[in-house]
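Remarks on the overall topology
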Amino acid sequence: MAYNASRYFAWRTSAVRVLFPSHDGIRRTAGPMMHRLRQAHTSSKHPIGSEEYLKELFPLDRQTYILPGEERIRMSRFNELAHSKDQYYSDVTTMYEGFLRGKRISNDGNFLGYRPNDDKQYKWLTFSQVEEKATLFGSGLVALGNQPGRDSFVGIFAQNRPEWVIADVACMQYSLVSVPFFNTISSQSGDVIITQTSMSTIICDTMEKADRLRRDHASHECLTTVVVMDLPREGIEEHRAQFERDGLKLVSFDEVIALGGKNVVDKVLPKPETINTLVYTSGTTGIPKGVIQTHKNHIAAHANAWMLCSLNVLPRLDDVHISYLPLPHVYERGNLHTLMIGGAPLGFFRGDPLKLVDDIQTLRPTLMGGVPRVFNRIYDRVMSTVNASNVVRRNIFKLAYSQKLKALDRGISGKDTIWDKLVFSRMQNMLGGRMRLIASGAAPLAPEIAAFLRVSMGCHFVEAYGQTESTFSLTHNVEHDLTCGHVGIPGGDCQLKLIDVPELNYYAKNDQGEVCARGSSIFSGYFKDPERTKEVLDSDGWLHTGDIGQWNKNGTLSVIDRKRNIFKLSQGVFVAPEKVENVYLREPLLAQVFVTGNGLWDSIVGIAIPDKEELEKFAKQNNIPGTFEDLCQNKIVKEAILTRMQKQAKSSGLASFEQVKNIHLHSELFSESNGLQTPTMKNKRNVIEKIFAEEIAQIYEESK
């Protein structure tokens, strides 16, 4: 059924449920907030629940307000109504209390889903099953020498799966600090983390990772125990003997649970100020930084996000989330916590990106998170198919798209129109056919992509903005605002301000500048790294994000640039490469782009990876022979792509110094597995610079 977003939101607001929902049966009056709403009711000249009433209570043209003072600090207008700004539920002050809440309100429903041995259906663990395993596993960790409540760090080095969460919940129960490792972490970064935390136990999913830890053991002698989820039965004694010779104990996940069963210890429950997890940034510098995240940080981040939602978006007991983004990343960790506290289940993909679509179609999720590069690829594939179709199909798509876009402008969305049946149902079924909320995070999303998702999927779409140091999201859209090109507003007790960046010509007086954030979700510092903490966290508690933001007339925030990833050319101008790369990625022939420059040159150059399918079509149309690898070395192809890039740059308004003068074509995609991208698909700039140093020097020479 189609819905009118603003009408539905207004109805929820009039029912006094938008900020403190009671669908779990727990009564909350939220005194001061109730008083403010009653005041609004009695003073308003408009009917409660009408669009006019909503605009008066929460006008979409004034979504934030400015605090008194010269800094022009902004907060969400919801703060004028909220009773508590850093905690959403009065009975949830730690993440473990959040787990217990999920168990209670779901009536011990399903929590974690998985597909063992490529089964056709998902299998499920309930909240109580997870709790029982976590208690025994936690007791086993204590028996192995991990001291509860004493900053004892436990590593988790595994793909998303139920055991990952069981280990994390076990750490919560015994006030141990979980430290997740990205699957593609380098040995050097792993050594830094293990040594810095004096970690004695790491939990792996495969023997391959365990063997790697054994080989690197000389670099971190504090490590004593390696736990393997999938410990092979064949040759197990030989494996154990080999680990023992190297000074390590090798045990299976189930053996730790059995050990805990023989040595059950009382839980040592965390307090709000207890460290919940230490999240090391994947980053692009190559040197990991341990972000300290307390339980209070997570609870406040949860309030930041949920305080901006109505019941139409909050997780429901009949929801299910597909978990495929890496759990070590704060974005997916936040998704896990949101589902957990809300009593809703999540199903894990099998770990193979090529099987993700099959997992989605089997699970049929209602909730999904993604990053811009994922959504960009979906958009490019769909539009490429549309452009290659016959005139009739192409015109039907354009008509359908324009009609649904007009409905969006009126605040109406849904998936039951004739256009959905004729055109968009196939795309919706690719994601299981039940999707009701899609969220994007980790980087800014182009406005046309956000509009495309709302139109084609017919469901709620929100864009969030945050970073590891903010423990999840700083801002996100309110769902009844269907405009694009911004990341919404701050929630909870989060305050935002912009500060001048004169070298990039951004000034706070013009509502542009570096985004700075302050609030209960902001981290307290990098673990054992006060110098780098001072670089981003000032004495007044402001986190300097390194992102360039812009306040829009309606009070929302747009992220328009990066301060950190800039370089200066010989004529003294600055270039923000991510901004330039996003422009070039709109060219269908390109899958990925990396641009670079330095003070010795007055122009920029790039490494470009063509889209294999589109390039092969182009070659066929122009009678250019050869394999994909051959085409990437073809001078005619290179000139054609460079010409298209220059045309795209000019049409998008890039300055002349922001336009690439020359490119090198490469046939292998940048990826997490080859070490050239972060888990959220951002280019590792310093690594790419080193790997392609010879090619960059060569194309500069060709440009003389």
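Residues numbered from 1 in each chain as written. Predicted model: local features only at pLDDT ≥ 70, side-chain atom pairs only at ≥ 80, totals over all residues. Heavy atoms only, no water.

Examining the pairing of strand β8 (residues 201-204)
Because side chains alternate across β8, one face comprises the buried residues Thr-201 and Ile-203, and the other comprises Ile-202 and Cys-204, equally buried. Inspection of the sheet shows strand β6 (residues 153-157) paired to β8 by 4 bridges, in the parallel sense. Considered in β8, the bridge of Ile-156 is made with Ile-203. As judged from the 4 bridges shared by β8 and strand β9 (residues 225-228), these two strands associate in the parallel manner. By the bridge assignment, Thr-201 is partnered in β9 with Thr-225. (Buried < 20%, exposed > 50% of the residue type's maximum accessible area, 1.4 Å probe, protein only. Helix = DSSP H or I, 4+ residues; strand = E, 2+ residues; numbered from the N terminus. Pairing = 2+ DSSP bridges.)

Some thoughts on the sheet that holds strand β27 (residues 590-596)
Here 3 strands make up an open sheet; going across it, the order is β27-β28-β29 and the pairing mixed. Single-partner strands in this sheet number two, and they are β27 and β29 (660-665). Strand after strand, the sheet turns through a mean of 30 degrees between neighbouring axes, direction not considered. With 5 bridges joining them, strand β28 (residues 604-610) and β29 adopt parallel strand pairing. Bridging across to β29, Ile-604 finds its partner in Val-660. Each of β27, β28 and β29 is contacted by helix α19 (residues 577-584), which is oriented at about 150 degrees to β27, the strand it contacts most. (Axes fitted to C-alpha atoms, helices over the stretch in contact; angles between N-to-C directions. Contact = heavy atoms within 4.5 Å.)

Some remarks on the sheet that holds strand β4 (residues 110-114)
Pairing is mixed across the open sheet formed by 9 strands, whose spatial order is β5-β4-β14-β13-β15-β17-β18-β19-β20. Edge positions in the sheet fall to β5 (123-126) and β20 (489-490), since each has one partner strand and no second. As judged from the 2 bridges shared by β4 and strand β14 (residues 346-348), these two strands associate in the parallel manner. Pairing of Leu-112 across the sheet is with Leu-346, part of β14.

Points about empty space enclosed by the protein
It is the rolling of a water-molecule-sized probe over the atoms that shows where space remains empty. Evaluated as defined, the whole model comprises 4 cavities of 30 Å³ or more. Put simply, the largest cavity is a space of about 350 Å³. Looking at the largest cavity, it is lined by 22 residues, and the ones nearest its centre are Asn-335, Thr-338, Leu-437, Ala-439 and Phe-472. Among the elements of the structure, α11 (295-306), α12 (330-342), β15 (367-370), β17 (437-440), β18 (460-467) and β19 (472-476) are those that each provide at least two residues to the lining of the largest cavity. Per-element tally for the lining of the largest cavity: the top contributor is α12, with 4 residues. Here the residues of the lining of the largest cavity are counted per class, giving 16 nonpolar, 6 polar and no charged. Volume-wise, the second largest cavity comes out at about 70 Å³. Lining the second largest cavity, in full, are Phe-157, Phe-181, Ile-185, Ser-186, Ser-187, Gly-190, Asp-191, Ile-194, Arg-212, Leu-213, Asp-216 and His-220. Element by element, the count of residues in the lining of the second largest cavity is highest for helix α7 (residues 187-197), at 4 residues. Class assignment of the residues belonging to the lining of the second largest cavity gives a composition of 5 nonpolar, 4 polar and 3 charged. (1 Å grid on protein atoms, 1.4 Å probe; cavity = no way out; pocket = protein on both sides within 12 Å on 5 of 7 lines; lining within 4 Å. Points joined across faces, edges and corners; volume = space filled by probe spheres on them. Nonpolar A, V, L, I, M, F, W, Y, C, P; charged D, E, K, R; others polar.)

A closer look at the packing of aromatic side chains
One pass over the structure, following the stated rule, counts 15 aromatic pairs. Ring centres of Phe-157 and Phe-181 lie 5.6 Å apart, and the angle between their planes is 40 degrees; on these two criteria the pair is classed as tilted. Highlighted residues: Phe-157 in strand β6 and Phe-181 in the loop between β7 (177-180) and α7, separated in sequence by 24 residues. Take Phe-157 and Phe-181: they sit in the same class, and that class is buried. These aromatic residues form a ring-pair network of at least three members: Tyr-96, Phe-99, Phe-111 and Phe-127. Here the basic side chain of Arg-101 rests over the ring of Tyr-89, its NZ or CZ set 3.6 Å away from the ring centre. Lys-509 extends its terminal NZ or CZ atom over the ring of Tyr-507, reaching a point 5.9 Å from the ring centre. (Phe/Tyr/Trp six-rings, centres within 6.5 Å; stacked < 30°, edge-to-face > 60°. Lys NZ or Arg CZ within 6 Å of the ring centre and 35° of its normal.)

Bear in mind that shape data such as this cannot, by itself, settle questions of function.
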